[in-house]
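# Summary of the model geometry
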Amino acid sequence: MKRIGVLTSGGDAPGMNAAIRAVVRGGIHYGMEVIGIHKGYNGLINGDYEIMSARSVSDILHRGGTILQTARCLEFKEQPGIKKAVRMAKDIKLEGLVVIGGDGSFKGARDLSAAGLPTVGIPGTIDNDIACTDYTIGFDTALNTARDAIDKIRDTAHSHERCSVVEVMGRDAGYIAAYVAMACGAEVAIVPEENFDFERDIIMPIKEGKMRGKKQNLIIVAEGVGGSVEMAKAIQKETGIETRATILGHIQRGGSPTVTDRIIASQMGVHAVELLANGVGNRIVAKQKDKIVDYDIMEGLNMEKKMGNEILNLSKILSM
Ligand code: ADP
Ligand code: F6P
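Residues numbered from 1 in each chain as written. Chains lettered and ligands numbered in written order. Predicted model: local features only at pLDDT ≥ 70, side-chain atom pairs only at ≥ 80, totals over all residues. Heavy atoms only, no water.

## Notes on the pattern of salt bridges
A complete count under the given rule lists 14 salt bridges for this structure. For Glu 33, the salt bridge goes to Arg 3, with nearest N and O atoms at 2.9 Å. Taken as a pair, Glu 33 in strand 2 (residues 33-37) and Arg 3 in strand 1 (residues 3-8) lie far apart in primary sequence, 30 residues in all. For Arg 3, a relative accessible area of 12% puts it in the buried group. The salt bridge involving Lys 152 is made with Asp 148; its shortest N-O contact spans 3.2 Å. Within this pair, Lys 152 and its partner Asp 148 are both found in helix 5 (residues 139-160), separated by 4 residues, close to a single helical turn. Looking at Lys 152, the relative accessible area reads 53%, which means it is exposed. In the salt-bridge network here, residues are joined through shared partners; they are Arg 147, Asp 148, Asp 151 and Lys 152. (Salt bridge = Lys/Arg side-chain N within 4 Å of Asp/Glu carboxyl O. Helix = DSSP H or I, 4+ residues; strand = E, 2+ residues; numbered from the N terminus. Buried < 20%, exposed > 50% of the residue type's maximum accessible area, 1.4 Å probe, protein only.)

Below, the structure is given as structure tokens:
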């Protein structure tokens, strides 16, 4: 391939810039011209792009967000939108494409590949909810951002002997909640993957902890469960312990990527370029154990991700 493109799609994630840099410099290394497409699939439909050079990705490795910007493009979900995008790709002589995003973005990548534009997906989302990969770019940074915020909430909760309910992101997945609960020593993590009973799983542990001399409680709620404000009110009513709710929100999406995110993004970016350099499209780049691998997009999208309960059980044991 002589000319490939790169775009970011769906919610941004820290480390996307590191992946863009790896695609651009990897592409140049393999003798290809790389164009950066702006604002996700919108930019492909509208021909909104720039020619990238090794220098246009200088000084971005450490920056959160995405220099190409991102979007949710509804037009692209329908066949006419995909046809427009493929026509534009032909007009601008694009022979391959790298899409950095989540499951939704990969469905678009599958459609583009089927319509004749070989496209490779790189998993970029803080949610870590893509089945075929152990890891998605942005997860570690989001965890560290949430950990930092929760440590601060803990300081004030301790001073007032309060219970804190903290709601973290993750869409329909509980990975951020489960991991951050363990890292912050939460009493309870409520995730969409497990049914919970308010009395048994929240009120009982708080009351038992109080009898054992616990002076504060931390409950982590995944946004896929939600209702943290009402939950805080109910906890206060049932236990008599002053309780506050905090919804961390988009703070979890920003910030400088951690070392883990920078390294995995760099590895995945180069892997994607190598696939295209060999004429291979319709793949999702993934991390399995310590290896960077790739899957057919449909095969990857059809896999089922199971969180398992090890991390939640361990958190429970250690919160005694
Ligand atoms: P993510 O990629 O993070 O899962 P979204 O689900 O919002 O985020 O998807 C991002 C974009 O991918 C959408 O705005 C749309 O342009 C494209 N997309 C999503 N679902 C499909 C689909 N079923 N077919 C084609 N394109 C899709
Ligand atoms: O997929 C990343 C994510 O931050 C989810 O955790 C959250 O549910 C969603 O995106 C929020 O989307 P928006 O930025 O459109 O509010």
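## What to know about helix 3 (residues 79-91)
Residues lying three or four places apart along an α-helix face the same way, a consequence of the helix completing one turn every 3.6 residues. Spanning 13 residues, helix 3 covers 18 Å between terminal C-alpha atoms, matching the ideal 18 Å at 1.5 Å per step. Within helix 3, burial applies to Gly 81, Ile 82, Ala 85, Val 86, Met 88 and Ala 89. The arc enclosing the buried residues of helix 3, seen along the axis, measures out at 160°, which places them on a common side. Of the exposed residues in helix 3, those oriented more than 90 degrees away from the buried face are Pro 80, Lys 83, Arg 87, Lys 90 and Asp 91. Summarising the contacts, the buried residues of helix 3 are in contact with helix 2 (41-46) and helix 4 (103-114). (Expected span 1.5 Å × (residues − 1). Arc of directions from axis to C-beta. Contact = heavy atoms within 4.5 Å.)

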